[in-house]
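What the coordinates show
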Amino acid sequence: MKPPPLAETAAAASRLAPSPATVASLTAALIKALGAQRVSTVEAARRAASTDFAHLSPILTAALPARPADVVAYPGSPAELVEAVRIASEHGVPIVPRGRGTGNYGQAVPLAAGLVIDLTGLESVLDVGQGWIHAQAGATFVALEAAARRRGQEIAIQPTTVGSTIGGFLAGGAGGIGSIENGWLWDGFVLALDTVTCPPGPAAVTLVGEQCSAFLHAYGVTGIIAAATVKLTPAREWLAVIASFASFADAVQVGQSLLELEPAARLVSLDDPALVGLYPPDEALPADRYSLRAVIEVSAREAVLDLVKTHGGTAESVTPDAIGYLSTLSFNHVTLRAKRSRPELCHLQVSGEALVTQPQRVREALPGAMLHLDGMRLSPDPAAPRRGRGFGGLLLSPFHDTATLYDGIARLQELGVHVVDPHTWLLGGPALPGIRAAAAHNDPRGLLNPGKLP
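Now for a look at the structure at hand.

How each quantity is defined
- Residues numbered from 1 in each chain as written.
- Predicted model: local features only at pLDDT ≥ 70, side-chain atom pairs only at ≥ 80, totals over all residues.
- Heavy atoms only, no water.
- Helix = DSSP H or I, 4+ residues; strand = E, 2+ residues; numbered from the N terminus.
- Expected span 1.5 Å × (residues − 1).
- Buried < 20%, exposed > 50% of the residue type's maximum accessible area, 1.4 Å probe, protein only.
- Contact = heavy atoms within 4.5 Å.
- Pairing = 2+ DSSP bridges.
- Axes fitted to C-alpha atoms, helices over the stretch in contact; angles between N-to-C directions.
- 1 Å grid on protein atoms, 1.4 Å probe; cavity = no way out; pocket = protein on both sides within 12 Å on 5 of 7 lines; lining within 4 Å.
- Points joined across faces, edges and corners; volume = space filled by probe spheres on them.
- Nonpolar A, V, L, I, M, F, W, Y, C, P; charged D, E, K, R; others polar.
- Arc of directions from axis to C-beta.
- Salt bridge = Lys/Arg side-chain N within 4 Å of Asp/Glu carboxyl O.

**Re helix 5 (residues 78-91)**
Taking 1.5 Å as the rise per residue, helix 5 with 14 residues should run 20 Å; its terminal C-alpha atoms sit 20 Å apart, in good agreement. Taken as a whole, helix 5 has its buried residues at E80, L81, A84, V85, I87, A88 and S89. Looking at the buried residues of helix 5, the elements they touch are helix 2 (20-34), strand 3 (95-98), strand 4 (115-118), strand 8 (190-197) and strand 10 (224-234).

Take a look at the structure:
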């Protein structure tokens, strides 16, 4: 497998960067329309608005441009968002929409400078109904979950970073907590979107159902998400269980049984001992044992504890108070935690049966690799074998050089491991043709987050 052509796409995008005269005119027009308090050209603000968690990748860190956005706009209403897009469009200036910047792939990093539109000021939860919640793009998952809980419901899926915004998650994420039962963004989670496109002036468009798909995990290249209606499920009483095992095989066997629970577990994660040793010291995480963690419904408590004991495991902690903590030991939060202890580490996103049937060969694909697993729904078909549930996760290893990393990816693919490359900002996957078509229609001049489409 070859590395993606990041330098070439960055160079091509940079040709759209506005001139100083255009930036001055754009800034004056934005201040006139939105007010000086909602526009910034201060360098610290521009740099803050031009970064995300791409620093988790040494390849992206080296490839991303040093030049930040030229201007940052902070709209406080949908009308101000449309006005900011109109002004940028009239000036031919690239536009990058931004939530909290918690993405990992450079999704919110401008490759052509220009205008970043920070959507965190659009933070209202607009309405809650049975099975749905409607909120502006800048609403955080903390606010969404609180509003849902007041109505006896909860968010069907959410990222591990609960301070993330709903707009940012839909535009840059995929799944997370709740994905064992409810799948991914594309699996009926998104019911409707209010969007702003750019063909060539701003157009406010509401989409429903399948019409939303081209906006999901599209980094804003097809249009800006202004508000979203997403799926809620009935609220449940959850319990956090942390168990440890002497062997990977026993931990996996119990983990696979946890994936079959009905009602489904909210979260199931498993770590190699070497990875556990990188976390902050915790008596519930003995560093010489495999750690299995789950968020389960309270009613499953005794069955889960019996399962752990039967397979030689130890229940280290059973409490409702650790649910938020367990979310920070899952998905890409693990990379963030591990790199705090060992900055030289980098990660790959992996899935496939080989993770549990040939774990040692998976680890051997890269020198010094450690395996982290997360339970997830691998098939949208609930009638699929094992209800389509299985393990994906992360392979973390020291970064030596780009060639070593991509040689390792090739070896993983030979084992049947599916690898999602987290070291590129280029969009890909089966949704790419639909994203391309929507971008061509909604943004024919390519002003929306340029450089992110291959």
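**A few points about the sheet that holds strand 18 (residues 418-420)**
In spatial order, the strands read 14-11-13-12-16-17-15-18; together these eight strands make up an open sheet with antiparallel pairing. Each edge of the open sheet is held by one strand with a lone partner, namely strand 14 (314-319) and strand 18. Averaged over neighbouring strand pairs, the angle between their axes works out to 20° when direction is ignored. When strand 11 (residues 238-245) meets strand 13 (residues 290-297), the two strands line up antiparallel, connected through eight bridges. Bridging from a neighbouring strand, F245 pairs with Y290 of strand 13.

**Brief notes about empty space enclosed by the protein**
A complete count under the given rule lists three cavities of 30 Å³ or more for this structure. Put simply, the largest cavity is a space of about 80 Å³. If you go around the largest cavity, you meet eleven residues; those closest to its centre are Q256, E353, V356, G390 and F391. Contributing elements (two or more residues each) for the lining of the largest cavity: helix 10 (248-259), helix 15 (354-357) and strand 17 (389-398). Ranked by residue count, the leading element in the lining of the largest cavity is strand 17, at three residues. Here the lining of the largest cavity is built from residues that sort into five nonpolar, three polar and three charged. Lining the second largest cavity we find E154, G178, I180, E181, N182, T233, P234, R236, W238, A264, A265 and R266. Looking at the lining of the second largest cavity, the elements with two or more residues in it are helix 8 (179-182) and strand 10.

**As for the environment of A403**
Mapped onto the elements, A403 comes out in helix 17 (residues 402-414). A C-alpha to C-alpha distance of 8.4 Å links A403 and K2, two positions 401 residues apart in sequence.

**Let's talk about the layout of surface pockets**
Approximately 300 Å³ is the volume found for the second largest pocket. Lining the second largest pocket are 16 residues; nearest its centre among them are Q158, V162, I177, I323 and G324. Mapped by element, the contributors of at least two residues to the lining of the second largest pocket are helix 6 (141-149) and helix 13 (323-327). Residue contributions to the lining of the second largest pocket peak at five residues, all from helix 6. A class-by-class count of the residues in the lining of the second largest pocket yields nine nonpolar, four polar and three charged.

**What to know about helix 18 (residues 432-442)**
Within helix 18, burial applies to L432, I435, A438, A439 and N442. One face of helix 18 carries all of its buried residues, which in axial projection span an arc of 125°. Among the exposed residues of helix 18, those pointing more than 90 degrees away from its buried face are P433, A440 and H441. The inward-facing, buried residues of helix 18 contact strand 8.

**Considerations on the pattern of salt bridges**
Counted according to the given criterion, the structure contains 15 salt bridges. Residue D70 is joined to R67 by a salt bridge in which the shortest nitrogen-to-oxygen separation is 2.9 Å. By sharing partners, the salt bridges in this structure join E83, R86 and E90 into a single network.

**Examining unusual backbone geometry**
In this structure, the amide linkage connecting P199 to the following residue, P200, adopts the cis form with an omega of -10°. Relative to the assigned elements, P200 resides in the loop between strand 8 and strand 9 (203-208). In this model, E262 is joined to P263 through a cis peptide bond whose omega is 0°. Mapped onto the fold, P263 is located in the loop between helix 10 and strand 12 (267-271). Located in the positive-phi region is A113, a residue other than glycine, with phi close to 55°. The residue A113 is located in the loop between strand 3 and strand 4 in this model.

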